[in-house]
Amino acid sequence: DAKTTQPNSMESNEEEPVHLPCNHSTISGTDYIHWYRQLPSQGPEYVIHGLTSNVNNRMASLAIAEDRKSSTLILHRATLRDAAVYYCILTAGGYQKVTFGIGTKLQVIP
Amino acid sequence: EAQVTQNPRYLITVTGKKLTVTCSQNMNHEYMSWYRQDPGLGLRQIYYSMNVEVTDKGDVPEGYKVSRKEKRNFPLILESPSPNQTSLYFCASRWGQPNSPLHFGNGTRLTVT
């Protein structure tokens, strides 16, 4: 199974951009890159996903390296409500096991 | 409202007493899955199901059973719970395509004494 590696924790000041990195060096050509976040006392929620091209939605942007071995979730202006654990995962049609790992705990400082 | 509903939210039980945690989704999703979340270990997949009557093991299936008799329901069964199954459990569902996002329930906190 393809694995991802993320820093355990990061800090950001409120209203500044945040770049959350994820390494996935064993990614295969059919793997999608998904990002989820988990707010305290809640289940994970979907943030964004992509395959090869950079993606934008109302929550965030996803920048995917040209070789697809890494990606970065970008929160353009961090708010206190963005304090959460962020997970980077890979999904593919060939297998359905999905391991979330520990994720990155983002602290937003007022 | 599209949602994944888990019941109960909290459960305290004793070792060896069979229990079932229910999971239901109203989005007609093909794929459903169970996860457990433990401090320092992240979310680990227990079982998943690609469709009715199709289930398969995740990373930590020991001590658990599942069934998928209807598309909307995916119960998690602990035939003989043990204290090491004390955890926070999440059910999730999505369409069959791998680019489809997962929708999670609100979790079930299980304590086995």
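This is a predicted model, so every value here is computed, not measured.

Enquirer: Even after reading the chapter, I still don't get the overall build of chain A, so can you show me in this structure?
Expert: A tally of regular secondary structure across chain A gives zero helices and nine strands. What you see in chain A, going N to C, is helices and strands ordered as β-β-β-β-β-β-β-β-β. Over its C-alpha trace chain A gives a radius of gyration of 13 Å, about what one expects of a compact globule, namely 13 Å for 110 residues. Along the longest, intermediate and shortest principal axes, the C-alpha atoms of chain A span 45 × 30 × 20 Å. By the burial criterion, 45% of the 110 residues in chain A qualify as buried. Long-range contacts, defined here as pairs at least 24 residues apart, represent 56% of the contacts in chain A between residues at least 6 apart. About 5600 Å² of surface is accessible on chain A, with carbon and sulfur atoms providing 48% of the total. Looking at chain A, you have 9 positive and 10 negative side-chain charges, and the mean spots of the two groups are 6 Å apart.

Enquirer: Which parts of the structure should I look at to understand the layout of surface pockets?
Expert: In this approach, a probe sized like a water molecule rolls over the atoms, and the result shows the empty space that is left. Considering only enclosed or pocket space, the largest pocket measures out at about 360 Å³ in volume. In terms of lining, the largest pocket is formed by 20 residues, of which the most central are Q38, L39, P40 and V85 of chain A together with Q37 of chain B. Mapped by element, the contributors of at least two residues to the lining of the largest pocket are strand 8 (84–91) and strand 9 (104–109) of chain A together with strand 4 (31–38) of chain B. Across the lining of the largest pocket, the residue classes tally to ten nonpolar, seven polar and three charged.

Enquirer: What is the right way to look at the interface of chain A and chain B in this model?
Expert: By a widespread convention, an interface's size corresponds to the accessible area lost as its parts come together. Each partner contributes to the interface: chain A provides 21 residues, whereas chain B provides 22 residues. With both sides pooled, the region where chain A packs onto chain B buries about 1700 Å², and carbon together with sulfur makes up 55% of that total. Counting the contacts that link chain A with chain B gives zero salt bridges. Taken together, the links from chain A to chain B amount to eight residue pairs in polar contact (both at pLDDT 80 or more).

Enquirer: Can you help me understand the packing of aromatic side chains in this one?
Expert: Any two aromatic rings considered together are summarised by their centre-to-centre distance and by the angle between their planes. Considering all chains together, one arrives at ten aromatic pairs over all chains under this definition. Ring geometry for F100 of chain A and F104 of chain B: centres 5.7 Å apart, planes at 85 degrees, overall edge-to-face. Taken together, the residues F100 of chain A in the loop between strand 8 and strand 9 and F104 of chain B in strand 10 (residues 103–104) connect one chain to another. We note that F100 of chain A, like F104 of chain B, is buried. Taken together, a centroid distance of 6.4 Å and an interplanar angle of 80 degrees make the contact between F90 of chain B and F104 of chain B edge-to-face. Here F90 of chain B is found in strand 9 (residues 87–94), whereas its partner F104 of chain B is found in strand 10, with 14 residues between them in sequence. The residues F90 of chain B and F104 of chain B share a single accessibility class, namely buried. The rings of Y36, Y46, Y87 and F100 of chain A together with Y35, F90 and F104 of chain B are connected pair by pair, giving a single aromatic cluster.

Enquirer: Hey, could you run me through the pattern of salt bridges in this one?
Expert: If the charged atoms of two oppositely charged side chains come close together, the side chains can form a pair. Residues and elements named next belong to chain B. Overall, the coordinates contain six salt bridges over all chains when judged by the stated rule. Of the charged contacts in the structure, one is a salt bridge between R36 and D38, with a shortest N-O distance of 2.8 Å. Side by side, R36 and D38 carry an identical accessibility label, which is buried. A salt bridge links K65 to E79; the shortest N-O distance between them is 2.9 Å. Of this pair, K65 sits in strand 7 (residues 65–66) while E79 sits in the loop between strand 8 (76–78) and strand 9, and the two are 14 residues apart along the sequence.

Enquirer: Is there a simple way to think about the nonpolar core in this case?
Expert: For soluble globular proteins, nonpolar side chains are generally found buried alongside one another. Grouped together as the largest cluster of nonpolar side chains are 21 residues, with contacts concentrated most on L20, I33, W35, L73, L75, Y86 and L106 of chain A. Looking at this core, the elements that each hand over two or more residues are strand 2 (18–23), strand 3 (32–38), strand 4 (45–50), strand 6 (61–64), strand 7 (70–75), strand 8 and strand 9 of chain A. Here the element with the most residues in this core is strand 8 of chain A; it accounts for four residues. Core analysis: the next-biggest nonpolar cluster, separate from the first, contains 19 residues, V21, M27, W34 and Y64 of chain B among them.

Conventions we followed
- Residues numbered from 1 in each chain as written.
- Chains lettered and ligands numbered in written order.
- Predicted model: local features only at pLDDT ≥ 70, side-chain atom pairs only at ≥ 80, totals over all residues.
- Heavy atoms only, no water.
- Helix = DSSP H or I, 4+ residues; strand = E, 2+ residues; numbered from the N terminus.
- Rg over C-alpha atoms; globule rule 2.2 N^0.38 Å.
- Buried < 20%, exposed > 50% of the residue type's maximum accessible area, 1.4 Å probe, protein only.
- Contact = heavy atoms within 4.5 Å.
- Areas by Shrake-Rupley, 256 points an atom, 1.4 Å probe, with all protein chains shown as cover.
- Lys, Arg positive; Asp, Glu negative; His and termini not counted.
- Charge placed at Lys NZ, Arg CZ, Asp CG, Glu CD.
- 1 Å grid on protein atoms, 1.4 Å probe; cavity = no way out; pocket = protein on both sides within 12 Å on 5 of 7 lines; lining within 4 Å.
- Points joined across faces, edges and corners; volume = space filled by probe spheres on them.
- Nonpolar A, V, L, I, M, F, W, Y, C, P; charged D, E, K, R; others polar.
- Buried area = accessible area lost by both parts, 1.4 Å probe.
- Salt bridge = Lys/Arg side-chain N within 4 Å of Asp/Glu carboxyl O.
- Polar contact = N/O pair within 3.5 Å; in protein donor to acceptor, adjacent residues only side chain to side chain.
- Phe/Tyr/Trp six-rings, centres within 6.5 Å; stacked < 30°, edge-to-face > 60°.
- Core = buried A, V, L, I, M, F, W, Y, C linked by side-chain atoms within 4.5 Å.

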